[in-house]
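Take a look at the letters that make up each chain.
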Amino acid sequence: MTLLKGPGEARHYDGSSLRIGIIHARWNTKIIDALLAGTRKALAAGGVKDENIVTQSVPGSYELPYAAQRMYASSQTQSSTSAASGLIGNATDLLSQSASDLTSLGQGKKEKESGSQSTAPFDAVIAIGVLIKGSTMHFEYIADAVSHGLMRVQLDAGVPVIFGLLTLLTEEQGLERAGIAGADGNGGHNHGEDWGSAAVELGVKRRGWMEGRFVE
Amino acid sequence: MTLLKGPGEARHYDGSSLRIGIIHARWNTKIIDALLAGTRKALAAGGVKDENIVTQSVPGSYELPYAAQRMYASSQTQSSTSAASGLIGNATDLLSQSASDLTSLGQGKKEKESGSQSTAPFDAVIAIGVLIKGSTMHFEYIADAVSHGLMRVQLDAGVPVIFGLLTLLTEEQGLERAGIAGADGNGGHNHGEDWGSAAVELGVKRRGWMEGRFVE
Amino acid sequence: MTLLKGPGEARHYDGSSLRIGIIHARWNTKIIDALLAGTRKALAAGGVKDENIVTQSVPGSYELPYAAQRMYASSQTQSSTSAASGLIGNATDLLSQSASDLTSLGQGKKEKESGSQSTAPFDAVIAIGVLIKGSTMHFEYIADAVSHGLMRVQLDAGVPVIFGLLTLLTEEQGLERAGIAGADGNGGHNHGEDWGSAAVELGVKRRGWMEGRFVE
Amino acid sequence: MTLLKGPGEARHYDGSSLRIGIIHARWNTKIIDALLAGTRKALAAGGVKDENIVTQSVPGSYELPYAAQRMYASSQTQSSTSAASGLIGNATDLLSQSASDLTSLGQGKKEKESGSQSTAPFDAVIAIGVLIKGSTMHFEYIADAVSHGLMRVQLDAGVPVIFGLLTLLTEEQGLERAGIAGADGNGGHNHGEDWGSAAVELGVKRRGWMEGRFVE
Amino acid sequence: MTLLKGPGEARHYDGSSLRIGIIHARWNTKIIDALLAGTRKALAAGGVKDENIVTQSVPGSYELPYAAQRMYASSQTQSSTSAASGLIGNATDLLSQSASDLTSLGQGKKEKESGSQSTAPFDAVIAIGVLIKGSTMHFEYIADAVSHGLMRVQLDAGVPVIFGLLTLLTEEQGLERAGIAGADGNGGHNHGEDWGSAAVELGVKRRGWMEGRFVE
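Here the structure is a predicted model, which is why all the values come from computation and not from measurement. Once a new chain begins, its residue numbering starts again from 1 and follows that chain's sequence as written. Throughout, the order in which chains and ligands are written sets their labels, letters from A for the former and numbers from 1 for the latter. Only residues with pLDDT of 70 or above have their local features reported here, since the model is predicted, and side-chain atom pairs are shown and tallied only from 80 upward, although totals for entire chains, interfaces and linings are computed over all residues. For the side-chain quantities, the full set of heavy atoms in the structure was used; hydrogens and water were omitted.

1. Quick notes on the overall build of chain A
This is how the line gets drawn: Under the DSSP-based scheme used, a helix requires at least four consecutive residues in state H or I and a strand at least two consecutive residues in state E, with every element numbered from the N terminus. Whether two residues are in contact is decided by their heavy atoms, any of which lying within 4.5 Å being enough. Accessible areas in this description were obtained via Shrake-Rupley with a 1.4 Å probe; residue shielding takes into account the shown protein chains only.
When you go through chain A residue by residue, the secondary structure sums to 7 helices and 4 strands. What you see in chain A, going N to C, is helices and strands ordered as β-α-β-α-α-α-β-α-β-α-α. In chain A, once contacts between residues fewer than 6 apart in sequence are set aside, the share between residues at least 24 apart is 77%. Summing over all exposed atoms, chain A offers an accessible surface of approximately 7900 Å²; the carbon and sulfur share of this is 55%.

So this is what it looks like as structure tokens:
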């Protein structure tokens, strides 16, 4: 089948062993929240375990590249610490766990006991922000610097950074791209879902690339 | 609670052990001064001690990335000097103290004696400048180079650089964003407050990242 | 002969010993597919063997620079692995082979036995994507970051990265540049053909440059 | 005193021990010459000795970043050569002196004998060029690449590079910014003066930064 | 004499010992050919020997930065090879000679015997391309990436890269800037001449910079 629009047919990638970092800005929270939900939904569909997703936030989009870079470095530090000392590593993991609700914390704790929570370096980082054109030129300079900054981070670090930055002319465009537009609040397409599945795909392909294999 | 506008809900971060550098341009001084005041207010609200804030200025915004980079490097130099020789380090600190008024100098001296003034590397740098569109293309090229330059500095150095550059089409826009617009001179929202609290948040999160912890 | 338009007269370059990586986005699949076909046609015309072309995809164009960088690094890893252990290297090659149809897989296997399939680092990488202007500013920021990102990858890695990114204002422009416009679906010029022959030319010239020779 | 426009109040910085490099393009010579004069005037007012200013030119503004980088590297080479061999270093200095008129050459020679001419690395570099919008897009791409290029040079080398690039829509704008507009040829404000004093200020602050001191 | 337009008065620089690389795109061949002729004319006027000019081409302008980088690296490789083994080096030189016609080849061979052909690293590289605005955004993204790419190459490698990229809105603008406009085909000014003399000037100045001398 050939589609003119859309990301084309993707195979299903098994993300069950992946660890994913999400960094999001907090401006335009309603849109951000919906995008985050869409992202997590796609990660779950790809088999990524909830306890292997670390989510953090920064105030605005300009902070995304720096935070993406540091979060990844932090996951590397965590990984080497865990390797060095099993038990202490485990305790650190619990402290560092991004527990947005008690359910997932409990689940994480349980799976921890069975050794399933990962402290490996992230296989991909997803950076999410929403910029809306205002009356100054702030939008243009932020959007440009962040687009290049996220590109730099992934090329420097060798980890995929999924570009979840919406650069919008109106707020309505954001509602549509977060799948919460219209009278019933579920119009449009939630781009977070695309970002989540892109993270799984790139994370899996990256593992191949690291070993000299080309995973299609 | 979900807001459509604004930086969303931030937790309160304890900045009492942080050291912050502020670099600001001097063009459009009135706006700059108000932004500086807003920034300091938010830093204080975050618990950052006055003697642990180093403020410096440069003539124009194009100098901000270079100065931010050098100020941070200077704080690193200062830190290693202090570590090497306690007493001499202390004397150097006094000399290097950015003493904008005698009150804070006196306070700094007193707290110095009780060992509370920091000579550690900055936990965050805030870069503040005001660019207003003029009749040439100066505005566009400066704004673009500075936005990318500040991004580079933070990614190179691993220290958060808060983007306090207003890129305005009119002077009135600056007054509004400095919270000094309107007939009574207190209209609008002082963006410096956002920058100050962003510096505290990023400074605290960075400490976590350095140790492999994800502080939410 | 002097032409005012077009890439000028190129000599024929012998690509029979080259190994080429192709990375393409999947958005706007119909156009992408035609461009891929054009690219392969030109590679074949340049003598590049089908089993020495590795094709991979990513969801969107923003992922192209990262994937181009990693694919090239993967080919280097593969090369050193092959050199280290002949038999194991061979097995890895088969696994990593991008087998889009059984015919080429069979062919690859056969030629493998006669030792003709390459596991050398790629001589060039071709990055293919199609961006079409939409209602937000997504197009502009993606196109800009990807153009610079691909430029960086080739300058960092020392391998030519052919710029196969179409930055279009309308879908019709894409059909024309993929050679599938008009009522009969074969109008316009397939730019993939230019990219394929550019990859062969640059791949051959690069080998000269590596040895201090200037191949005209 | 608070000004809404202008670079704000700067303290007076003592530039008497500084060494400054000036690199300027030659396109739009009349404007360039006036800007150079303004720059030198401000350097003199800051106490920089004439023999400690090295001025060089390049044809166009695109060459400014490269030349700024190389001039600074050259001053470093010169410095280490001088340190290695006093007498030979001195001879080299005389040869390398940028002698635009015989007066300054004579003066340089005399002060050389009293040991006052510096062969230290530059404390700041000032890059001066004038770009005027023409009928092609040359202006836009040059201005953009040069703005980013000069930013890179200062961040790479750790030496301040003062941005003396005028990006103008009309020639008249240049005359005004060089202080040579109007019927009597002295209208407007000579921006070279700002650049000269910025170089002194940044040069002095940089010395502090190198030693872990914050000079306000 | 003071000119308001033009590159100002340049001294004459002696290019007789310089080695220059030229890389040009082939799109818009007629304009390119005229620019190449102008460039060579200026190089000859600067004393650069024909056998010390290496010319290579790439299909389009996007390839210019990569090719400029690799050509320069190739000249460095060639130089070290020549130094290592005289006779073998000579043979390599002949093979690598860019011989666009038999006359220059014969001349090169003769001068080779008298030892005048250089195998030193290039003193400057000239990058020539012609971009004309089309109906997509291809022009904008290519022009931007190439302008920054060439800037990077010269700052990375420390060799001047002369910016010979015409970024045009119409074909006629190209004819004028190549000196082949109008009914008689010699209208306008050939910008290649400026590029050739800039290469000689920068090449000579660079040699000074490398030794800590400032050649005016």
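2. Let's talk about the pairing of strand β4 (residues 161-168) of chain C
Residue and element names in this part refer to chain C. The criterion, for reference: Think of it in three bands: residues with accessible area under 20% of the maximum for their type are buried, residues over 50% are exposed, and the middle band is partly exposed, with areas taken using a 1.4 Å probe on protein chains only. When DSSP finds two or more bridges between two strands, those strands count as paired. Think of it like this: strands point away, you trace from the first strand over the helix to the second, and a clockwise trace means the crossover is right-handed.
β4 sits mainly inside the fold: 8 of its 8 residues count as buried. The alternating pattern of β4 places V161, F163, L165 and T167 and I162, G164, L166 and L168 on opposite faces, both of which are buried. Sheet topology places strand β3 (residues 124-132) next to β4; 8 bridges connect them, and they run parallel. The partner of A127 across the bridge, within β4, is F163. Handedness of the crossover joining β3 and β4 through helix α5 (residues 138-157) is recorded here as right-handed.

3. Things to note about the sheet that holds strand β1 (residues 20-25) of chain E
Through backbone hydrogen bonds, the strands of a sheet pair up, either in parallel or in antiparallel fashion. All names here are of chain E. Counted only if it meets this: The angle between two axes is taken between their N-to-C directions and runs from 0 to 180 degrees, where each axis is a line fitted to C-alpha atoms and a helix contributes only its stretch in contact.
If you trace the 4 strands from one edge of the open sheet to the other, you get β2-β1-β3-β4, paired in parallel fashion. Strand pairing shows two members of the sheet lacking a second neighbour, β2 (53-58) and β4 (161-168), which therefore form its edges. On average, each strand axis in the sheet is inclined to that of its neighbour by 15 degrees, with strand direction left out of account. Here β1 pairs with β2 via 6 bridges, running parallel. Across the sheet, residue I22 finds its bridge partner in β2, namely T55. Contacts between helix α5 (residues 138-157) and the sheet are confined to β3 (124-132) and β4, with β4 contributing the most and set at about 170 degrees to the helix. Sheet contacts for helix α7 (residues 191-210): β1, β3 and β4; angle to β4, the most-contacted strand, approximately 160 degrees.

4. Some points on the interface of chain C and chain E
The condition that has to hold: Two parts placed together each lose some accessible area under a 1.4 Å probe, and adding up what both lose gives the buried area. Criterion for a salt bridge: a side-chain nitrogen of Lys or Arg within 4 Å of a carboxyl oxygen of Asp or Glu. Distance and chemistry together define a polar contact, namely a pair of N or O atoms within 3.5 Å, with one atom able to donate a hydrogen and the other to accept it when in protein, and with adjacent residues in sequence counting only for side-chain atoms on both sides. By the convention adopted, Pro, Cys, Tyr, Trp, Phe, Met, Ile, Leu, Val and Ala count as nonpolar, Lys, Arg, Asp and Glu as charged, and the other residues, Gly among them, as polar.
Listed per partner, the contact involves 47 residues of chain C and 44 residues of chain E. Counting the surface lost from both chain C and chain E, the interface buries some 3900 Å², and carbon and sulfur atoms represent 59% of this. Where chain C meets chain E, there are 2 salt bridges. Ionic pairing is found between E:R152 and C:D156, a salt bridge with its closest N-O pair at 2.6 Å. Counting across the interface, chain C meets chain E through 17 residue pairs in polar contact (both at pLDDT 80 or more). Considering every element that reaches the side of chain C that touches chain E, the biggest residue donor is α5(C), with 12 residues. Split into classes, the residues belonging to the side of chain C that touches chain E amount to 22 nonpolar, 11 polar and 14 charged.

5. Let's talk about the packing of aromatic side chains
Heads up, the condition is: Each Phe, Tyr or Trp ring, with Trp reduced to its six-membered ring, pairs with another whose centre is within 6.5 Å; inter-plane angles below 30 degrees give stacked pairs, above 60 give edge-to-face pairs, and intermediate values give tilted ones.
Per the stated rule, a full pass over the model turns up 20 aromatic pairs over all chains. Ring geometry for D:Y62 against E:F163: centres 4.4 Å apart, planes inclined by 25 degrees, an arrangement best described as stacked. Of the two residues, D:Y62 sits in the loop between β2 (53-58) and α2 (64-84) while E:F163 sits in strand β4, which places them in two different chains. Taking the relative accessible area as the measure of exposure, D:Y62 reaches 3% and is therefore buried.

6. Here we look at the confidence of the model for chain A
Should the pLDDT be low somewhere, the predicted coordinates at that spot are not to be read in detail. What counts is decided by this rule: Predictor confidence is given residue by residue as pLDDT, running from a minimum of 0 to a maximum of 100.
For chain A, per-residue confidence averages 86 on the pLDDT scale, and residues scoring 70 or more make up 81% of the total. Overall fold confidence (pTM) sits at 0.88, and the ipTM for the predicted complex is 0.88.

7. So, the environment of D:G188
Residue and element names in this part refer to chain D. Counting through the fold element by element, G188 comes out in the loop between α6 (171-177) and α7 (191-210). A C-alpha to C-alpha distance of 4.3 Å links G188 and E176, two positions 12 residues apart in sequence. In contact with G188, not counting residues within four places along its chain, are E176 and G179.

8. Some points on the relation of the copies chain C and chain E
What counts is decided by this rule: The fit set for superposing copies consists of C-alpha atoms from residues with pLDDT of at least 70 in both; the fit itself is least squares.
When chain C is brought onto chain E, the operation consists of a screw motion whose angular component is 72 degrees and whose axial shift is 0.0 Å, with 0.0 Å RMSD remaining. Look at the turn and shift together and you get a five-fold axis relating the two. In this assembly, only 6% of the residues forming the interface of chain C have copies in chain E that are likewise at the interface, indicating a heterologous arrangement.

9. Examining the interface of chain C and chain A
Taken together, the contact between chain C and chain A spans 44 residues of the former and 47 residues of the latter. Interface of chain C and chain A: buried area, both sides summed, is about 3900 Å²; carbon and sulfur atoms make up 59% of it. The largest contributions to the chain C side of the interface with chain A come from C:Y62, C:Y66 and C:Y141, which together make up 21% of the buried area. The interface formed by chain C and chain A includes 2 salt bridges. Broken down by class, the residue content of the side of chain C that touches chain A amounts to 18 nonpolar, 17 polar and 9 charged.

10. Quick notes on the side chain of C:N190
Residues and elements named next belong to chain C. Here N190 lies in the loop between α6 (171-177) and α7 (191-210). Judged by relative accessible area, which is 11%, N190 ranks as buried. Polar side-chain contacts of N190 include one of 3.3 Å to the backbone oxygen of A178. Polar contacts involving the side chain of N190 include one to the main-chain amide nitrogen of G192, which spans 2.8 Å.

11. Some remarks on the packing of helix α5 (residues 138-157) of chain D against α5(E)
To be explicit about the condition: Helix crossings fall into two classes, left-handed where the near helix is turned counterclockwise from the far one by less than a right angle and right-handed where it is turned clockwise.
With their axes 10 Å apart at the nearest point, α5(D) and α5(E) run at an angle of 35 degrees to one another. The handedness of the crossing between α5(D) and α5(E) comes out as right-handed. Taken together, the residues of α5(E) that come into contact with α5(D) (itself represented by D:Y141, D:D144, D:A145, D:V146, D:H148, D:G149, D:R152 and D:V153) are E:F139, E:E140, E:A143, E:D144, E:S147, E:H148, E:M151, E:R152, E:L155 and E:D156. Looking at the contact of α5(D) with α5(E) residue by residue, the class counts come to 8 nonpolar, 4 polar and 6 charged.

12. Considerations on the side chain of E:Q69
If you trace the backbone, E:Q69 turns up in helix α2 (residues 64-84). Taking the relative accessible area as the measure of exposure, E:Q69 reaches 13% and is therefore buried. Not counting residues within four places of it along the chain, the set of residues in contact with E:Q69 comprises C:Q154, C:L155 and E:V153.

13. Description of the sheet that holds strand β3 (residues 124-132) of chain D
All names here are of chain D. Taken in spatial order, the 4 strands make up an open sheet running β2-β1-β3-β4, and their pairing is parallel. Single-partner strands in this sheet number two, and they are β2 and β4 (161-168). Across the sheet, the mean angle from the axis of one strand to that of its neighbour is 15 degrees, orientation sign disregarded. Across the sheet, helix α1 (residues 29-45) lies against β1 (20-25), β2, β3 and β4, angled at about 155 degrees from β3, the strand it touches most. Relative to β4, α7 is tilted by about 160 degrees, and along the sheet it contacts β1, β3 and β4.

14. Here's the deal with the pairing of β2(D)
Residue and element names in this part refer to chain D. Burial analysis of β2 places 6 of its 6 residues in the buried class, which makes it a mostly covered element. Neither face of β2 is left uncovered, since the one carrying I53, T55 and S57 and the one carrying V54, Q56 and V58 both have all their residues buried. For the handedness criterion, the β-α-β arrangement of β1, α1 and β2 is classed as right-handed.

15. A short note on helix α1 (residues 29-45) of chain C
At 3.6 residues per turn, the α-helix brings residues three or four places apart onto the same side. All names here are of chain C. Using the following cut-off: Here, expected helix span is obtained from the residue count minus one, scaled by 1.5 Å.
Over its 17 residues, α1 runs 24 Å from end to end, which matches the ideal 24 Å to within 8%, given 1.5 Å per residue. Among the residues of α1, T29, I31, I32, A34, L35, L36, G38, T39, A42 and L43 are the ones counted as buried. Looking one or two residues beyond α1, the residue adopting positive phi is G47, at roughly 90 degrees.

16. Re unusual backbone geometry
Residue and element names in this part refer to chain D. In the Ramachandran plot, N28 falls in the positive-phi region, its phi being about 60 degrees despite a non-glycine side chain. Mapped onto the fold, N28 is located in the loop between β1 and α1. On the basis of relative accessibility, which here comes to 4%, the residue N28 falls in the buried class.

17. As for the pattern of salt bridges
This structure, assessed with the given rule, holds 46 salt bridges over all chains. For B:E201, the salt bridge goes to B:K205, with nearest N and O atoms at 2.9 Å. With B:E201 and B:K205 both in helix α7 (residues 191-210) and 4 residues apart, this pair spans about one turn of that helix. Neither B:E201 nor B:K205 differs from the other in exposure class; each is buried. For the salt bridge of C:D123 with C:R207, the shortest nitrogen-to-oxygen distance reads 2.9 Å. Within this pair, whereas C:D123 is found in the loop between α4 (102-113) and β3, its partner C:R207 is found in helix α7, the two being separated by 84 residues in sequence.

18. Some words on the environment of C:G187
Residue and element names in this part refer to chain C. Counting through the fold element by element, G187 comes out in the loop between α6 and α7. Along the primary structure G187 and E176 are separated by 11 residues, whereas in three dimensions their C-alpha atoms are 6.1 Å apart. Beyond its immediate stretch of four places on either side in the chain, G187 contacts L175, E176, G179, I180 and A181.

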